[in-house]
Amino acid sequence: MKEQNNALPPKTCEIERLVTMEDDVNKVLAGKKTATRRNGRYADVGEIMELKGKKFIVDNVYSQSLGELTDADAEREGFENVEAYKQSILSYHPGMPWLPQMRVWVHEFSPVEE
């Protein structure tokens, strides 16, 4: 997995900004959210994100188009299906078009067992 970082462009933001909304933080802490999508790259594989004192390791980072999203992807984001995820995203970003060809960075993570 680690070699993958070499092929990725530089990060555009810090990992601290990866999961910031209270609802999302709570979903991660409850184990209901194991991935987040951003328009930039916020983390490297192996990087640690800390939320309310709990640590999560970034397991995978890759690019995906919105048109490639599956219900399973939406579930990892903490939603029932793609439509629910789409409505949530559009509610956070009024006026943003949902374009199937638009690419986002997927960040998958899991709890660090301490």
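For the structure, check the block above.
In this text the structure is predicted, and so the values were computed from the model without any measurement.

(A) The arrangement of the layout of surface pockets in detail. Approximately 440 Å³ is the volume found for the largest pocket. In this structure, the largest pocket is lined by 23 residues; those nearest its centre are Arg37, Arg38, Ile89, Tyr92 and His93. Contributing elements (two or more residues each) for the lining of the largest pocket: strand 1 (35-38) and helix 4 (82-92). Element by element, the count of residues in the lining of the largest pocket is highest for helix 4, at four residues. Looking at the lining of the largest pocket residue by residue, the classes come out as 13 nonpolar, five polar and five charged.

(B) Structural view of the packing of aromatic side chains. The full count for this structure, using the stated rule, is three aromatic pairs. Ring geometry for Tyr85 and Trp98: centres 6.1 Å apart, planes at 80 degrees, overall edge-to-face. With Tyr85 in helix 4 and Trp98 in the loop between helix 4 and strand 4 (103-111), the pair connects residues that are 13 residues apart, well separated along the chain. For Trp98, a relative accessible area of 18% corresponds to the buried category. Following the ring pairs from residue to residue traces out a cluster consisting of Phe79, Tyr85 and Trp98. In this arrangement the basic side chain of Lys27 is found over the ring face of Phe79, its NZ or CZ atom lying 3.7 Å from the centre.

Rules and cut-offs
- Residues numbered from 1 in each chain as written.
- Predicted model: local features only at pLDDT ≥ 70, side-chain atom pairs only at ≥ 80, totals over all residues.
- Heavy atoms only, no water.
- 1 Å grid on protein atoms, 1.4 Å probe; cavity = no way out; pocket = protein on both sides within 12 Å on 5 of 7 lines; lining within 4 Å.
- Points joined across faces, edges and corners; volume = space filled by probe spheres on them.
- Helix = DSSP H or I, 4+ residues; strand = E, 2+ residues; numbered from the N terminus.
- Nonpolar A, V, L, I, M, F, W, Y, C, P; charged D, E, K, R; others polar.
- Phe/Tyr/Trp six-rings, centres within 6.5 Å; stacked < 30°, edge-to-face > 60°.
- Buried < 20%, exposed > 50% of the residue type's maximum accessible area, 1.4 Å probe, protein only.
- Lys NZ or Arg CZ within 6 Å of the ring centre and 35° of its normal.

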